[in-house]
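Below are the chains, spelled out letter by letter.
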Amino acid sequence: RDRDVTGVQTCALPIYAGTYEYREGSAAVRAFLGKTQRVTLVNGKLYMNTMPLVPQSRTKFESTGAAAEFLTDASGRVTHLVLSQTEGDARYTKER
């Protein structure tokens, strides 16, 4: 299996793809990054809208605009995306 330098398996990345809608948290983060985040997998790399997400661990990623962390339920299904900036955290719910 392919792994990047952080040990993240590229085959695990598709579970993060989807549309995420703002639910709560920092209004400044929402204003800067938007109410809707679209996470896509292109050529083995994750993107949030047009910004690449660089893996830091299995669930944490860095991007130009914010740090991103994907949250899962007990079965391992991705349920939320938390975007963090110095102004605070914004929580987005995975819609599809």
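Because the structure is a prediction, the values reported are computed rather than measured.

Engineer: How should I be thinking about the overall build of the chain in this particular structure?
Structural biologist: Counting secondary structure elements, the chain contains one helix and eight strands. Beginning at the N terminus, the succession of helices and strands in the chain can be written as β-α-β-β-β-β-β-β-β. Looking at the chain as a whole, 36% of its 96 residues qualify as buried. Within the chain, contacts between residues separated by at least 24 positions form 44% of all contacts whose residues are at least 6 apart in sequence. With the model as given, the accessible surface of the chain reaches about 5,600 Å², and the carbon-plus-sulfur share is 49%.

Engineer: Looking at this structure, I do not really get the sheet that holds strand E6 (residues 67-72). What am I missing?
Structural biologist: Each strand in a sheet pairs with another by means of backbone hydrogen bonds, the pair being arranged parallel or else antiparallel. Spatially, the eight strands close up into a barrel ordered E1-E2-E3-E4-E5-E6-E7-E8, and their pairing is antiparallel. Across the sheet, the axes of successive neighbouring strands diverge by a mean angle of 35 degrees, strand direction being ignored.

Engineer: Honestly, the side chain of Ser-26 in this entry has me stumped. Any pointers?
Structural biologist: As for its placement among the helices and strands, Ser-26 is situated in the loop between strand E1 (18-25) and helix H1 (27-33). A relative accessible area of 12% places Ser-26 in the buried class. At 3.1 Å, the side chain of Ser-26 forms a polar contact with the backbone nitrogen of Val-29. Sequence-distant contacts of Ser-26, defined by excluding residues within four places in its chain, comprise Glu-87, Gly-88, Asp-89 and Ala-90.

Engineer: Looking at this structure, I do not really get the environment of Thr-86. What am I missing?
Structural biologist: The residue Thr-86 is located in the loop between strand E7 (78-85) and strand E8 (88-94) in this model. Sequence spacing of Thr-86 and Ala-67 is 19 residues, and the spatial spacing of their C-alpha atoms is 9.8 Å.

Engineer: Would you explain the pattern of salt bridges in this entry?
Structural biologist: As a working rule, side chains carrying opposite charge can pair if their charged atoms are close by. Scanning the model with the defined rule gives three salt bridges in all. Ionic pairing is found between Glu-95 and Arg-23, a salt bridge with its closest N-O pair at 2.7 Å. With a gap of 72 residues between them, Glu-95 in the segment after E8 and Arg-23 in strand E1 connect regions that are remote in the sequence. Accessibility expressed as a relative area gives 39% for Glu-95, which makes it partly exposed. For Arg-23, a relative accessible area of 46% corresponds to the partly exposed category.

Rules and cut-offs
- Sequence order as written defines the numbering, with residues in each chain counted from 1.
- For a predicted model such as this one, the threshold for reporting local features is a pLDDT of at least 70, and the threshold for listing and counting side-chain atom pairs is 80 or more; totals across whole chains, interfaces and linings nevertheless cover every residue.
- Neither water nor hydrogens contribute to the side-chain values; these are computed over all heavy atoms in the structure.
- Numbering of helices and strands runs from the N terminus; a helix is a DSSP stretch of H or I covering at least four residues, while a strand is a stretch of E covering at least two.
- For every residue, the accessible area obtained with a 1.4 Å probe (protein chains only) is divided by the maximum for its type, and the residue is called buried under 20%, exposed over 50%, and partly exposed between those limits.
- Whether two residues touch is decided by their heavy atoms; if any such pair falls within 4.5 Å, the residues are in contact.
- The Shrake-Rupley method, run with a 1.4 Å probe, gives the accessible areas here. Residue values count only the displayed protein chains as cover.
- The pairing criterion is simple: DSSP has to find at least two bridges between the two strands.
- For helices, the fitted axis covers only the stretch in contact; all axes are lines through C-alpha atoms, and the angles between them, taken along N-to-C directions, range from 0 to 180 degrees.
- Distance and chemistry together define a polar contact, namely a pair of N or O atoms within 3.5 Å, with one atom able to donate a hydrogen and the other to accept it when in protein, and with adjacent residues in sequence counting only for side-chain atoms on both sides.
- When a carboxyl oxygen of Asp or Glu lies within 4 Å of a side-chain nitrogen of Lys or Arg, that pair is called a salt bridge.

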